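Results of the structural survey
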Amino acid sequence: MDSRKAIDTSAVGIMTVLCMIWAFQQIAIKAAGPDIAPILQIAFRSGIAIVLVGLLMLWQRVPVSFSDGTWRPGLLVGLLFALEFLLMGEGLRYTTASHMTVFLYTAPFFAAIGLHWRLPEERLAPAQWVGILVAFVGVAVAFFGPDNSDNARQAADMLWGDFLGLLAGAAWGATTVVIRCSKLSNTPATITLMYQLIGAFVLLLLAAVVSGQASVNPTPIAIGSVLFQGIVVSFITFLTWFWLLRKYLASRLGVFSFMTPMFGVIFGVWLLNEPLDTSFLIGALLVGIGIVTVSGYGWFVQVLKKRRNSQ
């Protein structure tokens, strides 16, 4: 019997803070892009987080064993994690931070679809399938709506970057499914995170070298971006996210993760002066409605049941 529970006020508060930080990471990566390539930033931040997580595991005396059956799913989530951030890093070279945040955070409905087929407690109701349809319509509107750019090459680049962001969201969703459907589901968060960080560090560093993106201009923005991502994003927030996945139903957490793209759009326009067009805003709104429907349906039903039982 799965002991994970629905969202409560503690989860809401934690998710709000996490979403603001996750939204800001896209801004930091984009701002430091001229000085250090996005995928190299993510490789370096993963290396920093590996050291911090390793020290935490030593302090907590977390046992590490390859005979507990976690190394196979651990290898898979490491590959998926690296793929997610490779796609995100490359996508940020072509599209805006606000666009990337919206498409990356389609992950909840990819996760919801995968979990529906694997776990009985995560099955989707008919209304949630309607939400998925609305979300996919939103993606199509955001992709193929009229573009205000007079430069055809620039428009094509942004479309490519948006597509990479969508694929990154799918990779993130697949990571959640693997964690929930394997022995990693009940493994300490530090071990799950370590598998992913090692995968990201090795594969993204290799990708940066092979693709000629290994040069660094050590400006304050570049150094600050890497340190922020390594300590705050990859260490503190990811540990918190995996702790939440162990305590709450994964598909229910997704409704609050939609706050991230909203924060991302606000930060992108405010801090980077990124442009917005009407079709993108409409598409983002539809994606949000779809994700809220998919992820918030169970929470809404439970609230109604509690009210009925209290009457």
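A brief report on the enclosed structure follows. In every chain, residue numbers begin from 1 and rise along the written sequence. Given that the model is predicted, a residue must reach a pLDDT of at least 70 before its local features are reported, and side-chain atom pairs must reach 80 or more before they are shown or counted; all residues, however, enter totals for whole chains, interfaces and linings. Derived side-chain values reflect all non-hydrogen atoms in the structure, with water molecules and hydrogen atoms excluded from consideration.

**Points about helix α1 (residues 9-32)**
Note the following rule: In this description a helix means any DSSP run of H or I spanning at least four residues, a strand means any run of E spanning at least two, and both kinds are numbered starting from the N terminus. The span you would expect from a helix comes to 1.5 Å times its residue count less one. When a residue's accessible area, from a 1.4 Å probe over protein chains only, is under 20% of the maximum for its type it is buried; when over 50% it is exposed; and in between it is partly exposed.
For α1, with 24 residues, the first-to-last C-alpha span of 35 Å sits near the 34 Å given by 1.5 Å per residue. Inspection of α1 places Ala11, Met15, Leu18, Cys19, Trp22, Ala23, Gln25, Gln26, Ile27, Ala28, Ile29 and Ala32 among the buried residues, and these make up the whole buried set.

**Quick word on the nonpolar core**
This is how it is decided: By nonpolar core we mean a set of buried residues, namely Ala, Val, Leu, Ile, Met, Phe, Trp, Tyr and Cys, connected to one another through side-chain atoms within 4.5 Å.
Counting residues in hydrophobic clusters, the biggest one holds 52 residues, and the most contacted among them are Trp22, Met88, Phe238 and Phe242. The next biggest cluster of nonpolar side chains, apart from the first, holds 17 residues, and it includes Phe103, Phe109, Ile132 and Ala142.

**Some thoughts on the pattern of salt bridges**
Put simply, the test is: Definition used for salt bridges: Asp or Glu carboxyl oxygen within 4 Å of a side-chain nitrogen of Lys or Arg.
A full pass over the atoms with the stated rule returns one salt bridge. Its salt-bridge partner being Arg93, residue Glu90 comes within 2.9 Å of it at the nearest N-O pair. Accessibility expressed as a relative area gives 18% for Glu90, which makes it buried. The class for Arg93 is partly exposed, based on a relative accessible area of 43%.

**Remarks on the packing of α1 against helix α11 (residues 259-272)**
Going by this rule: Every angle, taken between N-to-C directions, lies between 0 and 180 degrees, and every axis is a line fitted to C-alpha atoms, over only the stretch in contact when it is a helix. Angles below 35 degrees are treated as roughly parallel, those above 145 as roughly antiparallel, those between 65 and 115 as roughly perpendicular, and all remaining angles as oblique. Crossing handedness is defined as follows: a turn of the near helix away from the far one that is anticlockwise and smaller than a right angle gives a left-handed crossing, while the clockwise case is right-handed. In what follows, a contact means two residues having at least one pair of non-hydrogen atoms within 4.5 Å. All amino acids are sorted into three groups, where Ala, Val, Leu, Ile, Met, Phe, Trp, Tyr, Cys and Pro are nonpolar, Asp, Glu, Lys and Arg are charged, and the leftover types, Gly among them, are polar.
Axis separation between α1 and α11 bottoms out at 8 Å; the angle between their running directions is 40 degrees. Taken together, the axis directions place α1 and α11 in an arrangement best described as oblique. Relative to α11, α1 is oriented so that their crossing is right-handed. Between α1, through Met15, Thr16, Cys19, Met20, Trp22, Ala23, Phe24, Ile27, Lys30 and Ala31, and α11, the contact on the second element is made entirely by Met259, Thr260, Phe263, Gly264, Phe267, Gly268, Leu271 and Leu272. Considering only residue class, the contact of α1 with α11 consists of 13 nonpolar, four polar and one charged.

**Re the environment of Gly89**
Its place among the elements puts Gly89 in helix α3 (residues 71-91). Overall, Gly89 belongs to the buried group, its relative accessible area being 0%. Residues Gly89 and Ile39, 50 residues apart in the sequence, show an inter-C-alpha distance of 4.9 Å. Excluding anything up to four places from it in sequence, Gly89 contacts Pro38, Ile39 and Ile42.

**Quick word on the packing of aromatic side chains**
The relative placement of two aromatic rings is captured by the distance of their centres and the angle of their planes. Convention followed: The aromatic pairing rule takes the rings of Phe, Tyr and Trp, using the six-membered ring of Trp, and pairs them if the centres are within 6.5 Å, calling planes under 30 degrees apart stacked, those over 60 edge-to-face and the rest tilted.
As enumerated under the stated definition, the model contains 13 aromatic pairs in all. Ring centres of Phe103 and Phe280 lie 6.4 Å apart, and the angle between their planes is 55 degrees; on these two criteria the pair is classed as tilted. A residue pair is termed long-range when its members are at least 10 positions apart, and Phe103 in helix α4 (residues 97-104) and Phe280 in helix α12 (residues 278-310) qualify at 177 residues. Accessibility assignment for this pair places Phe103 and Phe280 in one class, buried. Ring centres of Trp172 and Trp241 lie 6.3 Å apart, and the angle between their planes is 65 degrees; on these two criteria the pair is classed as edge-to-face. Taken together, the positions of Trp172 in helix α7 (residues 152-180) and Trp241 in helix α9 (residues 220-247) put the pair 69 residues apart, joining distant regions of the chain.

**Considering the packing of α1 against helix α2 (residues 38-60)**
Look at α1 against α2: their axes get within 9 Å of each other, and the N-to-C directions meet at 120 degrees. On the basis of their axis angle, the class for α1 and α2 is oblique. Like other packed secondary-structure pairs, α1 and α2 cross with a definite hand, here right-handed. Together, Gln25, Ala28, Ile29 and Ala32 of α1 and Pro38, Gln41, Ile42 and Arg45 of α2 make up the contact between the two elements.

**Focus on the side chain of Thr219**
Operational definition: By the criterion applied in these results, polar contacts are pairs of N or O atoms within 3.5 Å in which, for protein atoms, one can donate a hydrogen and the other can accept it, and in which residues neighboring in sequence qualify only through two side-chain atoms.
Within the element layout of this structure, Thr219 appears in the loop between α8 (189-210) and α9. Here Asp35 takes part through its side chain, which lies 2.9 Å from a polar atom of the side chain of Thr219.

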